[in-house]
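Observations on the three-dimensional arrangement
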Amino acid sequence: MSKKKKKKNKQKVVYYDDNSTIADMSNIPQRRKRTDAPPSTFKDKAKTYFSAVKMMLIPLCIGIIVLCVLFFIMYKLGGG
């Protein structure tokens, strides 16, 4: 038998379009609002932001120093 006859016929997939967008989330039930948590204030948000910036300041400086050292090494090797 030839290879063509041995192949199985694949079942064709049919997609139905309901004209809804991908981001259509109208069927998802709404979550209940938490009433036990106090609302966050601008002061709380600012405190969180600045604590995150302080945490990343030292790694940022180390990264900049490493890039500067590598740049000057490549600059001197290139004949500058």
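Because the structure is predicted, anything quoted here is derived from the model rather than measured.

If you tally the helices and strands in the protein, you get two helices and zero strands. Burial statistics for the protein: of 80 residues in total, 0% are counted as buried. On the protein, roughly 9400 Å² of surface is accessible, and the fraction owed to carbon and sulfur atoms is 64%.

A few words on the packing of aromatic side chains. One pass over the full model with this rule turns up three aromatic pairs. Centre to centre, the rings of Phe71 and Phe72 are 5.5 Å apart; their planes meet at 70°, and the pair counts as edge-to-face. Given a relative accessible area of 51%, Phe71 falls into the exposed group. These aromatic residues form a ring-pair network of at least three members: Phe71, Phe72 and Tyr75.

On the surface, Ile58, Ile62, Ile65, Val66, Val69, Leu70, Ile73, Met74 and Leu77 cluster together into a nonpolar patch covering about 920 Å² of accessible area. Within the secondary structure, Ile73 sits in helix α2 (residues 42-77).

A separate point is α2. Note: α-helices contain 3.6 residues per turn, so residues at a spacing of three or four share the same orientation. For α2, built from 36 residues, the straight-helix expectation of 52 Å at 1.5 Å per residue is met to within 8% by its first-to-last C-alpha distance of 51 Å. A maximum bend of about 35° is found in α2 at Leu57, where proline Pro59 lies one to four positions downstream. Positive backbone phi, at 95°, marks Gly79, one or two positions downstream of α2.

Rules of the game
Residues numbered from 1 in each chain as written. Predicted model: local features only at pLDDT ≥ 70, side-chain atom pairs only at ≥ 80, totals over all residues. Heavy atoms only, no water. Helix = DSSP H or I, 4+ residues; strand = E, 2+ residues; numbered from the N terminus. Buried < 20%, exposed > 50% of the residue type's maximum accessible area, 1.4 Å probe, protein only. Areas by Shrake-Rupley, 256 points an atom, 1.4 Å probe, with all protein chains shown as cover. Phe/Tyr/Trp six-rings, centres within 6.5 Å; stacked < 30°, edge-to-face > 60°. Patch = residues over 30% accessible without salt bridge, like charges linked within 9 Å, V, L, I, M, F, W, Y side chains within 5 Å. Salt bridge = Lys/Arg side-chain N within 4 Å of Asp/Glu carboxyl O. Expected span 1.5 Å × (residues − 1). Bend = angle between axes of the 7 residues up to and from the residue.

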